[in-house]
Number of protein chains: 2
Amino acid sequence: MEDGPTREEGVAVVADGTDRTSGAELPFADPAGRPTLRTVAELAGVHVSTVSRVLNHVGGPGVRPASRTTAERIRRIAERVGYSPNPHATGLRTSRSRLVGVLVPRLVDIVLATIYEGIEEATATYGFSTFVANTGDDPTAQRRRTEMVLARRVDGVIFGDAYVDGRFLDEVAGRGAPFVLVSRRAGDYPSVTCDDVLGGRLAAEHLLALGHRDLAVIAGEPYASTGIDRTAGFLAACDAAGVHVPGSRVVHSRFDTEGGRAAMSRVLADGAAPTAVFVVNDFAAIGAMGVLRDAGLVVGRDVAVVGFNDVPLAGSLPVGLTTVRSPMHEMGVRAAHLLMRRLGGEEVASERLVPVLVPRASTLGDRGA
Amino acid sequence: MEDGPTREEGVAVVADGTDRTSGAELPFADPAGRPTLRTVAELAGVHVSTVSRVLNHVGGPGVRPASRTTAERIRRIAERVGYSPNPHATGLRTSRSRLVGVLVPRLVDIVLATIYEGIEEATATYGFSTFVANTGDDPTAQRRRTEMVLARRVDGVIFGDAYVDGRFLDEVAGRGAPFVLVSRRAGDYPSVTCDDVLGGRLAAEHLLALGHRDLAVIAGEPYASTGIDRTAGFLAACDAAGVHVPGSRVVHSRFDTEGGRAAMSRVLADGAAPTAVFVVNDFAAIGAMGVLRDAGLVVGRDVAVVGFNDVPLAGSLPVGLTTVRSPMHEMGVRAAHLLMRRLGGEEVASERLVPVLVPRASTLGDRGA
DNA sequence: CGCGGTCGCGCTAACGTTTGCGCCGAACGG
DNA sequence: CCGTTCGGCGCAAACGTTAGCGCGACCGCG
């Protein structure tokens, strides 16, 4: 039994000497030539289970997975041959995948992309990877894409495209897959959102303070809590100030530039232009500004516009866009942490992050340039 | 051993009795309660290998995996219990994962997000899923993220963040991981790009035709083929027309709004403003326009600006942005197909897609509004 | 010096799937 | 009625990893 070192030498020689078709020619490599636990075990002259324990039990001050010298040697060899565990084998054995699925309406929406960046960044620190899938806010696609991520055996899901009624989520919950929501709330499911009601209120107070009384709202999709809450907060603040916004002046829209164009056109077609417009999304606001421009109105002088989110280019537009800044990246990060805690079995509560108004030329005119 | 049919009846009753929904107590389910091959096999009264053959061998007109009736029954039962194969087990067995890794500089860049959408859409039709990771164009992050996707045993990788020198890619190629590039070319590796040289030429010809002779270029990052080629095409066309653009008028920049601001500021600080600027990215162009506005110059009248990509909001800006439209989504789709063909063992060639100039107010002035 | 506790470590049985091999029974030709 | 063929299907061996079990050795304490 004194052959531990000898065996190591012997195999090392074989590894050097043999000359197989692909790559580094390690003993007991997998079909792709990558080293496996067995490779390392063989080179270290120990059993594969010992290698497994050493490589997995990172912390554990109390119980040690192997003697210090053995552990040291194993780690050195694993490093040298570039061992990395096969996630399929691990996943199969443990039935956990260190994978999370992320569903978003559209990734080309900077808001969601920013949130996703936060998610990806935070999950990576836990050693998790993420799948993203677009659903385009289409229920069929939501269902199909959710099936897909579940079929991939993700450990959890983050929905960025929740419908406020939460019916679909009830189904998913029934399947036992842990999930959290981000950006939009729904039902009583744990979510990380911006305080959208407050955001709407900030927008209203800003416009009211500037003396506007003739207002319109471009309210986003009727199924998204973001648009709903922002609009509700805005209208509530107007009410409180004794300013009435007629129903015909609150129009739904998609959240993109094109949606803003369409909605603004409808507002203008409906009669005289309002003196101020609150648009629940910056890109829709840009679209709305385009229509106003085409109608010969100067944004910031003839009509004030307030957007929502403060996307990076809002300040660089030819007419800087007044907007309500929402902590998008932060929301992603927090949603990821929330999910991780749920995966740990914790009961978690929703979080609502605070938005801030950023005044610019689109409401202040020259003073804001 | 003669209890095959009997067993089927018995178990089928159990399965019916508990009536659908999640906790349905299926026999031989996995730890999460999901049905496995074994579950289906048991219910059908056949061996697990038979189920596997039936469920996998979709086509095969010549050889049949089982008798018609057996196959039918198996498929029915699989459907009923909601069987979906465990990708870890499949991956372990076949050492293929139906996963592709996608590396991009930043997903909040609409250009890359759009390309990614194309990739995701196309790979999904092959039954593949995608990991995306941001690298921020940072070599260290590129290396780390690449390690990460390879450690996940992806079948292939799509790089959207290639450095033109391709040194890092040489390493990756040495590891034997199949990959293709998208958006940016590098070395002789297969890539799907826009014909950026042509795009630069289109921009130059447009400005020259409008009579501009005093030109500047905001050229993007020096390591990205997109910026390099667009700039080269632009300068070559100027040369051909006998117009010289001094080196001090060609400045590098990041590809985002902020990068455009910084670069434009440097151009203005350097002396008199040019009469026209070619910016190799729409967002950088927006930043540049912001700086021009702040300098009291009216874009489209005092200074012409041409961007690149034609992102959706380019046309909705208060001053519509003249830009070179690149087929972003299409590039993603094609890159995905290209990778799939590589995975099939084919030798593949790079593709270059044709861009189109879209003239708007930023060069045409009022005529473009 | 004796005894109990602790620690190192190897063995083995899974995890769910795929696949080559070979058996069995039915059909068919002689 | 027997021999051959062949389609259908079961068997079992992997794939790489994890974890429970149990044995032996060492250590420290009394």
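Scroll up for the structure.
Bear in mind the structure is a predicted one, so any value in this text is a computation, not a measurement.

Undergrad: Whenever I open this one, the overall build of chain A confuses me. Can you help?
TA: Of the regular secondary structure elements, chain A holds 14 helices and 12 strands. Scaling as 2.2 N^0.38, a compact globule of 369 residues should have a C-alpha radius of gyration of about 21 Å, whereas chain A reaches 28 Å, well beyond that. Looking at chain A as a whole, 54% of its 369 residues qualify as buried. At a minimum sequence separation of 6, the contacts of chain A that also span at least 24 residues come to 69%. Only carbon and sulfur atoms are counted for the fraction: they give 53% of the accessible area of chain A, which is about 16,000 Å².

Undergrad: Where do I start with the protein's contact with DNA strand C in this structure?
TA: Inspection of the region around DNA strand C gives 27 residues, with A:Thr50, A:Arg64, B:Leu37, B:Tyr83 and B:Arg93 positioned closest. If you look at DNA strand C and keep only atoms within 4 Å of the protein, 59% of those are sugar or phosphate atoms. Note that a base nitrogen of DNA strand C is positioned 3.1 Å from one of the side-chain N or O atoms of A:Ser49. Between B:Tyr83 and DNA strand C, the recorded distance is 2.5 Å, taken from a side-chain N or O atom to a phosphate oxygen. Elements represented by at least two residues in the surface near DNA strand C include exactly helix H3 (48-56) and helix H5 (87-94) of chain A together with helix H3 (48-56) and helix H5 (87-94) of chain B.

Undergrad: I'm lost on helix H7 (residues 139-151) of chain A in this one. Help?
TA: Helical periodicity: at 3.6 residues per turn, an α-helix aligns residues three or four positions apart in one direction. Residue and element names in this part refer to chain A. The terminal C-alpha atoms of H7, which comprises 13 residues, lie 18 Å apart, in line with the 18 Å expected from a rise of 1.5 Å per residue. Taken residue by residue, H7 has Ala 141, Gln 142, Arg 145, Thr 146, Val 149 and Leu 150 as its buried positions. Buried residues along H7 cover an arc of 160 degrees about the axis, so they all sit on one side. Positive backbone phi, at 60 degrees, marks Arg 153, one or two positions downstream of H7.

Undergrad: Before we go on, may I ask you to explain the interface of chain A and chain B in this structure?
TA: Interface size, as often reported, equals the accessible area lost upon joining of the parts. Contact with chain A, which involves 55 residues of that partner, is made by 55 residues of chain B. With both chains or domains summed, chain A and chain B bury close to 4,700 Å², and 53% of this area falls on carbon and sulfur atoms. Summed over the three residues of chain A that lose the most area to chain B, namely A:His88, A:Arg152 and A:Arg153, the buried surface amounts to 16% of that side. If you look at where chain A meets chain B, you find 4 salt bridges. For the salt bridge of A:Glu117 with B:Arg106, the shortest nitrogen-to-oxygen distance reads 2.4 Å. Our count for the contact surface shared by chain A and chain B stands at 22 residue pairs in polar contact (both at pLDDT 80 or more). When residues in the side of chain A that touches chain B are grouped by element, the largest group, 7 residues, is from helix H6 (residues 110-125) of chain A.

Undergrad: Explain the pairing of strand S4 (residues 179-182) of chain A to me, please; I cannot follow it from the model alone.
TA: Walk down a regular strand and you will see the side chains alternate between the two sheet faces. All names here are of chain A. In S4, alternate side chains face the same way, and those of Phe 179 and Leu 181 on one face and Val 180 and Val 182 on the other are all buried. Since strand S3 (residues 156-159) and S4 lie parallel, the crossover through helix H8 (residues 167-174) that links them has a hand, and here it is right-handed. Sheet topology note: the S4/strand S5 (residues 191-194) ladder contains 2 bridges and is parallel. Of the residues in S5, the one forming a bridge with Val 182 is Val 192.

Undergrad: I keep staring at the protein's contact with DNA strand D and nothing clicks. Help me out?
TA: Taken together, the neighbourhood of DNA strand D is formed by 25 residues, with A:Asp30, A:Leu37, A:Tyr83, A:Arg93 and B:Thr50 sitting nearest. Backbone sugar and phosphate groups make up 60% of those atoms of DNA strand D lying within 4 Å of the protein. The side chain of B:Ser49 places a nitrogen or oxygen atom 2.9 Å from a base nitrogen of DNA strand D. B:Thr50 is positioned such that a nitrogen or oxygen atom in its side chain is 2.4 Å from a phosphate oxygen of DNA strand D. At the level of secondary structure, the elements contributing two or more residues to the surface near DNA strand D comprise H3 and H5 of chain A together with H3 and H5 of chain B. It is H5(A) that provides the largest number of residues to the surface near DNA strand D, a total of 4 residues.

Undergrad: How should the relation of the copies chain A and chain B be read in this particular structure?
TA: Put simply, the second copy of the chain is the first one after a rotation about an axis and a shift along it. Its rotation angle being 180 degrees, the transformation that places chain A on chain B also includes 0.0 Å of axial translation and leaves an RMSD of 0.1 Å. With respect to symmetry, the two chain copies, as superposed, fit the operation of a two-fold axis. By C-alpha distance to the rotation axis, the residue of chain A lying nearest is A:His88, at 2.1 Å. Most of the interface of chain A is mirrored in chain B: 98% of its interface residues are interface residues there too.

Undergrad: When you look at unusual backbone geometry in this model, what are you seeing that I'm missing?
TA: Note: most residues except glycine have negative phi, and most peptide bonds are trans. Of note in the backbone geometry, B:Arg98 takes a positive phi value of approximately 55 degrees without being a glycine. In this structure, B:Arg98 sits in the loop between H5 and strand S1 (99-104).

Undergrad: What's the story with the packing of H3(B) against helix H4 (residues 68-81) of chain B in this structure? I'm lost.
TA: Helix packing for two helices is described by the angle between their axes and how far apart those axes are. Residues and elements named next belong to chain B. Packing of H3 against H4 leaves a shortest axis separation of 10 Å and a crossing angle of 85 degrees. Taken as axis vectors, H3 and H4 run roughly perpendicular relative to one another. From H3, Thr 50, Val 51, Val 54 and Leu 55 reach across to H4, where they touch Ala 71, Ile 74, Arg 75 and Ala 78. Among the residues making up the contact of H3 with H4, the classes are represented as 6 nonpolar, 1 polar and 1 charged.

Undergrad: Sorry if this is basic, but what is going on with the sheet that holds strand S7 (residues 250-251) of chain A here?
TA: Working definition: the strands of a sheet are paired by backbone hydrogen bonds and lie parallel or antiparallel to each other. Residues and elements named next belong to chain A. Pairing is mixed in the open sheet, where 6 strands are placed in the order S7-S6-S8-S9-S10-S12. The open sheet has two free edges, formed respectively by S7 and strand S12 (356-358), since each of these has just one partner strand. Alignment of strand S6 (residues 215-218) against strand S8 (residues 276-279), held across 4 bridges, turns out to be parallel. If you follow Ile 218 over to S8, its bridge partner there is Val 279.

Undergrad: Explanation requested: the side chain of B:Asn309 in the structure shown.
TA: Residues and elements named next belong to chain B. With respect to the secondary-structure elements, Asn 309 resides in strand S9 (residues 304-309). On the basis of relative accessibility, which here comes to 3%, the residue Asn 309 falls in the buried class. Filtering out sequence-adjacent residues up to four positions away, Asn 309 remains in contact with Val 111, Arg 230, Asn 281, Asp 282, Thr 323, Val 324, Arg 325, Ser 326 and Met 328.

Definitions and limits used
Residues numbered from 1 in each chain as written. Chains lettered and ligands numbered in written order. Predicted model: local features only at pLDDT ≥ 70, side-chain atom pairs only at ≥ 80, totals over all residues. Heavy atoms only, no water. Helix = DSSP H or I, 4+ residues; strand = E, 2+ residues; numbered from the N terminus. Rg over C-alpha atoms; globule rule 2.2 N^0.38 Å. Buried < 20%, exposed > 50% of the residue type's maximum accessible area, 1.4 Å probe, protein only. Contact = heavy atoms within 4.5 Å. Areas by Shrake-Rupley, 256 points an atom, 1.4 Å probe, with all protein chains shown as cover. Near = heavy atom within 4 Å. Polar contact = N/O pair within 3.5 Å; in protein donor to acceptor, adjacent residues only side chain to side chain. Expected span 1.5 Å × (residues − 1). Arc of directions from axis to C-beta. Buried area = accessible area lost by both parts, 1.4 Å probe. Salt bridge = Lys/Arg side-chain N within 4 Å of Asp/Glu carboxyl O. Right-handed = clockwise from strand over helix to strand, strands pointing away. Pairing = 2+ DSSP bridges. Least-squares fit on C-alpha atoms with pLDDT ≥ 70 in both. Axes fitted to C-alpha atoms, helices over the stretch in contact; angles between N-to-C directions. Parallel < 35°, antiparallel > 145°, perpendicular 65-115°, else oblique. Nonpolar A, V, L, I, M, F, W, Y, C, P; charged D, E, K, R; others polar.

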